[in-house]
Amino acid sequence: MCGIAGFHGIPDYSNEQGELLARMVDALRHRGPDEHGLYVDGNTGLGHARLSIIDVACGQQPMQSADGDICVTFNGEIFNYVELRQAMIRRGHRFRTSSDTEVLLKLYEEKGPDCVREFNGDFAFAIWDRRARRLMLARDRMGVRPLYYTHHRGGLCFASEVKALLAVPGIAAELDPYALDQIFTFWFPLAPRTPFKGIFELPPAHVLIAQDGNVSARPYWRVRL
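Treat the numbers as computed from the prediction; the structure is a model and nothing was measured.

A.B. asks: Give me the overall build of the chain: which residues, what numbers.
C.D. replies: Helix and strand counts for the chain stand at five helices and twelve strands. When the backbone C-alpha atoms are referred to their principal axes, the chain occupies close to 55 × 50 × 35 Å. Buried positions account for 53% of the 225 residues belonging to the chain. Long-range pairs, those at least 24 residues apart, make up 54% of the contacts in the chain with a sequence separation of at least 6. Carbon and sulfur atoms form 52% of the exposed surface of the chain, whose accessible area is close to 10,600 Å². Positive and negative charge centroids in the chain, built from 26 and 27 side chains respectively, lie 4 Å apart.

Structure representation (structure tokens):
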């Protein structure tokens, strides 16, 4: 279990982006006690609280591509990463680590947001593509790994737990009466709604894209009946 957190497009904290991200990651320390990493590129930041499992020595996150233009923070496991890695090696890719995180990163380099269709696993991740000026969030098909987000001051904040979002000044834990009605009816709020007003859960099997001032979420997989 690891924790991810970050933000995109929030200019108000331009002089303290690193401190803001550190506060968010600090709220997730119980999820990743082994290492903590921060990446900031202007008004975009990715943070990671790591529980070391695969490639303990070289799997630090956030992880950047060789040219530094793409960065990922990733919670979970790609079950078929060995097969994907071998196929990419045959296509000419070279790897610096043996981690599934690097497989995810390189497959995004090759296929863009459609890379998520190739993964068999349970995961939640965020990728910042500096060349495309695009932030991508994704969650596994069954929603095993949590991922929450909120719109804030013209931008977007995201995290593995709501408490990391509440570490951002101006984001409050205000109860959503519609979500409470769903909880009393179904025993849980229906995604993307959460118990907190304005804080959303990325539904299972969905990707969210923030680019050019627009934010949109879409499914990449559905159960076939």
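A.B. asks: Pulling in residues and values, what's your account of the pairing of strand E7 (residues 134–139)?
C.D. replies: Counting buried positions along E7 gives six out of six residues, so the element sits mostly inside the fold. Of the two faces of E7, the one holding Arg-134, Met-136 and Ala-138 and the one holding Leu-135, Leu-137 and Arg-139 are both buried throughout. By the bridge criterion, six bridges tie strand E6 (residues 121–129) to E7 in an arrangement that is antiparallel. Residue pairing for E7: Ala-126 is matched across the bridge by Leu-137. Counting the residues that bridge the hairpin from E6 to E7 gives four residues, and of these Arg-133 lies at a positive phi of roughly 55°. Sheet topology places E7 next to strand E11 (residues 206–211); five bridges connect them, and they run antiparallel. Within the sheet, the bridge partner assigned to Leu-135 lies in E11 and is Ala-210.

A.B. asks: Let's hear about the packing of aromatic side chains: which residues, and what values?
C.D. replies: For any pair of aromatic rings, the description consists of the separation of the ring centres together with the inter-plane angle of the planes. Counting across every chain of the model gives four aromatic pairs. Arranged with centres 6.3 Å apart and planes meeting at 85°, the rings of Phe-119 and Phe-125 form a pair that is edge-to-face. Residue Phe-119 is classed as buried on the basis of its relative accessible area of 2%. Judged by relative accessible area, Phe-125 falls into the buried class, the value being 0%. The rings of Phe-119, Phe-123 and Phe-125 are connected pair by pair, giving a single aromatic cluster. Residue placement shows Lys-106 over the ring face of Phe-95; its charged tip is 5.7 Å from the ring centre.

What counts, and where the lines are drawn
Residues numbered from 1 in each chain as written. Predicted model: local features only at pLDDT ≥ 70, side-chain atom pairs only at ≥ 80, totals over all residues. Heavy atoms only, no water. Helix = DSSP H or I, 4+ residues; strand = E, 2+ residues; numbered from the N terminus. Buried < 20%, exposed > 50% of the residue type's maximum accessible area, 1.4 Å probe, protein only. Contact = heavy atoms within 4.5 Å. Areas by Shrake-Rupley, 256 points an atom, 1.4 Å probe, with all protein chains shown as cover. Lys, Arg positive; Asp, Glu negative; His and termini not counted. Charge placed at Lys NZ, Arg CZ, Asp CG, Glu CD. Pairing = 2+ DSSP bridges. Phe/Tyr/Trp six-rings, centres within 6.5 Å; stacked < 30°, edge-to-face > 60°. Lys NZ or Arg CZ within 6 Å of the ring centre and 35° of its normal.

Everything listed here is a matter of coordinates, which is why it stays silent on function.
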